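Secondary and tertiary structure notes
Next come the chains, spelled out residue by residue.
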Amino acid sequence: MWSLFHKLGSPPWLYAISGAILRWLLPITLIALAVGLVWGLLFTPADFRQGNSYRIIYIHVPAAVVALAGYYIMAVAGAVNLIWRMKMADVAMKAAAPIGAAFTFLALFTGAVWGKPTWGAWWVWDARVTSMLILLFLYLGVMALYEAFDNKEAAGKACAVLSLVGMVNIPIIYKSVDWWYSLHQPASIKLTGESTIDSSMLYPLLLMIMVFYALFTCCLLLNMRAELLQRESRTQWVKRLAAEEGVV
Amino acid sequence: MMYFDSFHAVMTMEGHGVYVWTAYMVAIGVIAIVLIAPTRRRKRILQQLAGELRRAQHASGSSAVKGR
């Protein structure tokens, strides 16, 4: 256990292991993504009330799920950095922010495109939608705050505090459809009790949620690898790597 | 079984085609960006470093290679 902890703090080890993971995870993820997209677009039945517009669910829900999960990862990494001063946790936190922002944007955008034919409006100041917009601003805030500091150690701490304070927003997003009268429908997939979605629609949705988790993992590792090289650019192992791979 | 019976039906989706296709295209675009951007950044850093190392080697000539 401790040896793993020790290894996780070693940049060359992290760089090598993430490269090995990406070599098989990335191709599998892309194939599964293609399968999921075609399945959701062409092979699932239309919704009896919403018609074909509901097909957006196969992007909207996975993007939103991963946008929230990404925030946990960012905040937990920030906390680990604050408490144990683990440099790699800081790398993970910085790497998670832009991906989380991208997926939150995607959830909001697909929500707007879905809202137009379903609710009759691109945008409503509904509790769920507004709290997701706040999530986007939190991600962008962390990214901007990081760049605002010259001292990267101070930047990491400030961003960790901001992301931890922003955790308040997460249960609000989850519960927004129950606490407030909302246009947004409540969750259709339930861990306990019967899901209110037919299996012909549920399976492709579950596949897409898994694909988006895998995509997030891939992007996180890719971002961390770039960040590691940047931070370690004065060390021998990075110089050796540059001499081997950096030749055009 | 495919739900639609013609290419035209796939494109229009009974009036919802514009919305559905827009959402899917933007999703593919966003996913492409978040995958490609860090890959290019990593390559750029390595190339930049390789260039610096080469210049350092040239500058120092036959003497010992300086760090940078």
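Throughout what follows, the structure given in this document is the object of discussion. (Residues numbered from 1 in each chain as written. Chains lettered and ligands numbered in written order. Predicted model: local features only at pLDDT ≥ 70, side-chain atom pairs only at ≥ 80, totals over all residues.)

1. Considerations on the overall build of chain A
If you tally the helices and strands in chain A, you get 9 helices and 0 strands. Ordered by position from the N terminus, the helices and strands of chain A form the series α-α-α-α-α-α-α-α-α. Along the first, second and third principal axes, the C-alpha atoms of chain A reach 60 × 40 × 35 Å. (Helix = DSSP H or I, 4+ residues; strand = E, 2+ residues; numbered from the N terminus.)

2. Considering the interface of chain B and chain A
Between chain B and chain A, the residue contacts involve 28 residues of the former and 42 residues of the latter. Element by element, the count of residues in the side of chain B that touches chain A is highest for helix α2 (residues 17–60) of chain B, at 21 residues. Of the residues that constitute the side of chain B that touches chain A, the class distribution is 21 nonpolar, 4 polar and 3 charged. (Contact = placed C-beta atoms within 7 Å. Nonpolar A, V, L, I, M, F, W, Y, C, P; charged D, E, K, R; others polar.)

3. Some remarks on the environment of A:Thr196
All names here are of chain A. Relative to the assigned elements, Thr-196 resides in the loop between α7 (169–179) and α8 (199–231). Residue class for Thr-196 comes out exposed when judged on the 12 C-beta atoms lying within 10 Å of it. C-alpha separation for the pair Thr-196 and Asp-126, spaced 70 residues apart in sequence, amounts to 22 Å. (Buried ≥ 20, exposed ≤ 12 C-beta atoms within 10 Å, placed from the backbone.)

4. Focus: the environment of A:Leu30
Assignment of secondary structure puts A:Leu30 in helix α2 (residues 11–43). In this structure the C-alpha to C-alpha distance between A:Leu30 and A:Pro12, which are 18 residues apart in sequence, comes to 27 Å.

5. Side note on the nonpolar core
Within the largest apolar cluster, 73 residues are counted, with the highest numbers of intra-cluster contacts made by A:Ile56, A:Ala63, A:Met74, A:Ala92, A:Ala96 and A:Phe103. Those elements giving two or more residues to this core turn out to be α3 (57–84), α4 (87–119), α5 (127–148), α6 (152–166), α8 and α9 (236–245) of chain A together with α2 of chain B. Considering every element that reaches this core, the biggest residue donor is α4(A), with 18 residues. Residues contacting A:Met74, with those up to four places away along its chain left out, are A:Met93, A:Ala96, A:Ala97, A:Gly100, A:Val142 and A:Ser163. (Core = buried A, V, L, I, M, F, W, Y, C linked by C-beta atoms within 7 Å.)

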